[in-house]
Structures are given as C-alpha cells and as structure tokens.
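One letter stands for each residue in the lines below.
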Amino acid sequence: MSETMNIEDYLAQGGVLTAPGNVPARYRGELLRLMSSFVDSELAASAGFASSINFAPGIRERIAASRITLEKADHAERVLAVMGDFGTDTRRYQTQHDWAARVDRDTDLGATRREGDMRLSVFHYPINGWTDAVVMNVLQGLATGVQMTELTRVSYAPLAEVFREIAPREARHAELGLEGLARIVENGGQSDVQASLAYWRPRVAAGFGTAKSARYATQARFGIRHTPNEALLARWEKLTNEHLAALGL
C-alpha cells in the first residue's frame, strides 16, 4: 500500500489486511461482529444437532448428525482463534451463552439478535424430530454455502484463509442433509417434509438480513462484504427451489 493511499480507499479497491496491528477501529468492529455472528451460529448449530443425534433413524444418519455436530464446533473454534488475535478472551467467550437454549417453536424473531448473542435468529428455534432436523439442515446448509462465497473473500486475509478451509466441509454438511432428505421422501415422508419446509424456509431467509442494508454498505466499503443481502437471498432461493424440485417437492 502506498503511503499516500487512505486505508479505506485501499480496502475499497480490493486491498487486504494481514495482521491486527494495522486495522482501523471501525474495520475491527465490523470484522469482530462478522466473526461473532459466525462463531455463535456454529456453536448454536452444533448444540442443536447434538440433540438431533438421538432422533436419527439409523446408523448412517447418526454418523451424519455426529459429524455435523463435531465439525461445526471445530469451525467455531477456528474462527474464535482469529478473534483471539484481536484480544478476545476465547475461553470466556465460549461459555457466555447457553448454545443449546431455544425459544418456543411458534415464536417469530424475524432477523433480530438477542441480548448480545450474535447467532443468526434461525438458531434460536427448536428442532422437532428427525425430518425437521434434516429439512433445517438442508435449507440452512444451502444458505451457509451461499454466505461462504462472501466469507472466503473477506479482506482480512487470515480470516479468509480459515473460511476457505471451512467451506468444503460446510458444503458437505448440506450434501449430507440432501442425502437424508432424499431417503425421507423415498420412505413416504413428504407431508412432514412440507410442514417443516413451511416452518424453516422464512426463518432461514431472515438470516440474509434486510435489503439495502446500511451495515452492508459500511462492510462493502471495507472489503468485508462484496454482494448485497438481497442478491445472496435470491441466489439461495434459486438453489433451494432447484434442489427441492429435484426431489419432487
């Protein structure tokens, strides 16, 4: 970076930062917010799937749920380590919320966060049985895949590298969900699947945030984000419709 170029201009033009020391305060705040949202969501997802393991109808499904539980916790730990480089007390951070806590099933949170817990609102809702767990995993797994196209391009290079390592495993979680969903449909579970789709689809969609978001504009200026919320949501809708149509749903 030339001495004459402002750091924001540098980031807006695709520049990357490589260490906590040269990061402007506002950038640091937005980056930590993004990391917190990811870590909290992964910890809450892991806790949710842990309770789903015992819903599994067979060994193959039990292994899939166990793998997702393990790897989501591992992904949270990897991103939390980057937060540690910015001074976050990682040990204390892990225990600040009950990651398994859920609201009543009929609650409608929209896209709101709760009391400093930065998980996406979808991870506050309870899972009702195996079909529900699989449908939620498919919809949120596809959403995570779309979000990963953003996260792997984040302008803080050490974090982008972690997200690039995580991305293929997150993609595999969605694939495991789709395999499980195909088995449920084959075994005549369409009506339960449709009920779960109606429940989870708007709740996963809310995780993309609002259109024309002021926060997005700030993050885009810093190279933390590159694609507007509404474009990511549209991509997810298209992908979801294609996968569900392939299963006859």
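A. How the structure looks around helix α7 (residues 190-206). Taking 1.5 Å as the rise per residue, α7 with 17 residues should run 24 Å; its terminal C-alpha atoms sit 24 Å apart, in good agreement. By the largest-angle criterion, W200 marks the main kink of α7, which is about 30°, and a proline, P202, follows within four residues. Looking at α7, one finds that the buried residues are V193, S196, L197, Y199, W200, R201, R203, V204, A205 and A206. Those residues of α7 hidden inside the fold are in contact with α5 (129-151), α6 (157-186) and α9 (229-246).

B. Focus on the pattern of salt bridges. In this structure the tally under the stated criterion is 20 salt bridges. E30 is the partner of R215 in a salt bridge, and the nearest nitrogen-oxygen pair spans 3.2 Å. One end of the pair, R215, is in helix α8 (residues 214-221); the other, E30, is in helix α2 (residues 25-52), with 185 residues separating them in the sequence. For R105, the salt bridge goes to D132, with nearest N and O atoms at 2.6 Å. On the criterion of sequence distance, the pair formed by R105 in the loop between α4 (90-94) and α5 and D132 in helix α5 is long-range, its members being 27 residues apart.

C. Representation of the environment of A73 within the structure. For A73, the position within the fold is in helix α3 (residues 59-85). On the accessibility criterion, A73 (30% relative accessible area) is partly exposed. Note: C-alpha distance between A73 and P57 (16 residues apart in sequence) is 23 Å.

D. Representation of the layout of surface pockets in the model. The calculated volume of the largest pocket comes to roughly 730 Å³. Taken together, 28 residues form the lining of the largest pocket, with S37, R113, L120, Q147 and G207 sitting closest to its centre. Breaking the lining of the largest pocket down by element, the ones donating at least two residues are α2, α5, α7 and α8. A total of six residues in the lining of the largest pocket trace back to one element, the largest contributor, which is α2. Residues belonging to the lining of the largest pocket are distributed by class as follows: 11 nonpolar, 12 polar and five charged. In this structure, the second largest pocket encloses a volume near 190 Å³. It is α3 that provides the largest number of residues to the lining of the second largest pocket, a total of seven residues. Its residues assigned to classes, the lining of the second largest pocket shows nine nonpolar, four polar and five charged.

E. The arrangement of the packing of α5 against α6 in detail. Between α5 and α6, the shortest axis-to-axis distance is 8 Å and the interhelical angle comes to 150°. Accordingly, the angle class assigned to the pair α5 and α6 is roughly antiparallel. Every pair of crossing elements has a handedness; the one defined by α5 and α6 is left-handed. In this structure, α5 uses W130, T131, V134, V135, N137, V138, G141, L142, T144, M148 and L151 to contact α6, whose residues at the interface are A160, F163, I166, A167, E170, H173, A174, G177, L178, G180, L181 and I184. When grouped by side-chain class, the residues that make up the contact of α5 with α6 number 15 nonpolar, seven polar and one charged.

F. Summary view of α8. Among the residues of α8, those classed as buried are Y216, T218 and Q219. Summarising the axial view, the buried residues of α8 lie within an arc of 160°, below the 170-degree limit, and thus occupy one face. By the N-cap criterion, in which a side-chain oxygen at the helix start approaches the backbone nitrogen of a residue two or three places on, α8 is capped by S213, the distance to R215 being 3.2 Å. Just downstream of α8, G223 is the residue with a positive phi angle, here 70°.

G. Up close: the packing of α7 against α9. Here α7 crosses α9 at 155°, and the two axes come no closer than 11 Å. What the angle tells us is that α7 and α9 run roughly antiparallel. Between α7 and α9 the crossing geometry is right-handed. Contacts between α7 and α9 involve L197, R201, V204 and A205 from the former and L233, W236, E237, T240, N241 and L244 from the latter.

Calculation criteria
In this convention, every chain numbers its residues from 1, walking through the sequence in written order. For a predicted model such as this one, the threshold for reporting local features is a pLDDT of at least 70, and the threshold for listing and counting side-chain atom pairs is 80 or more; totals across whole chains, interfaces and linings nevertheless cover every residue. Water and hydrogen atoms were dropped before computing side-chain values, which therefore reflect all heavy atoms in the structure. To qualify as a helix, a DSSP run of H or I must reach at least 4 residues; to qualify as a strand, a run of E must reach at least 2; elements of each kind are numbered from the N terminus. How far a helix is expected to stretch is found by multiplying one less than its residue total by 1.5 Å. Given a residue, its bend is the angle between the two axes fitted to the seven residues that end at it and to the seven that start from it. The buried label goes to any residue with under 20% of its type's maximum accessible area, the exposed label to any with over 50%, and the partly exposed label to all in between, with areas taken from a 1.4 Å probe on protein chains only. Contacts between residues were defined by any pair of non-hydrogen atoms, one from each residue, lying within 4.5 Å. For this document, the term salt bridge refers to a Lys or Arg side-chain nitrogen within 4 Å of an Asp or Glu carboxyl oxygen. Buried and open spaces are told apart on a 1 Å grid over the protein atoms alone, a cavity being a set of points where a 1.4 Å probe fits but cannot get out and a pocket being an open set with protein on both sides within 12 Å along at least five of seven lines. Residues with an atom within 4 Å of a point are the lining residues. Grid points are joined across faces, edges and corners, and a volume is the space filled by probe spheres set on the points. Each residue is assigned to one of three groups, with Ala, Val, Leu, Ile, Met, Phe, Trp, Tyr, Cys and Pro labelled nonpolar, Asp, Glu, Lys and Arg labelled charged, and all others, Gly among them, labelled polar. As a rule, the C-alpha atoms of each element are fitted with a line to give its axis, helices using only the stretch in contact, and angles between N-to-C directions run from 0 to 180 degrees. Orientation labels follow simple angle bins: below 35 degrees gives roughly parallel, above 145 gives roughly antiparallel, 65 to 115 gives roughly perpendicular, and whatever is left gives oblique. In this scheme the handedness of a crossing depends on how the near helix is turned from the far one: anticlockwise by less than a right angle means left-handed, clockwise means right-handed. For this quantity, the arc is that covered by the directions from the helix axis to the C-beta atoms. Residues adjacent in sequence count toward polar contacts only when both atoms are side-chain atoms; beyond that, a polar contact is any pair of N or O atoms within 3.5 Å, and within protein one must be able to donate a hydrogen and the other to accept it.

Take it as geometry only, folks, not as evidence of what the structure does.
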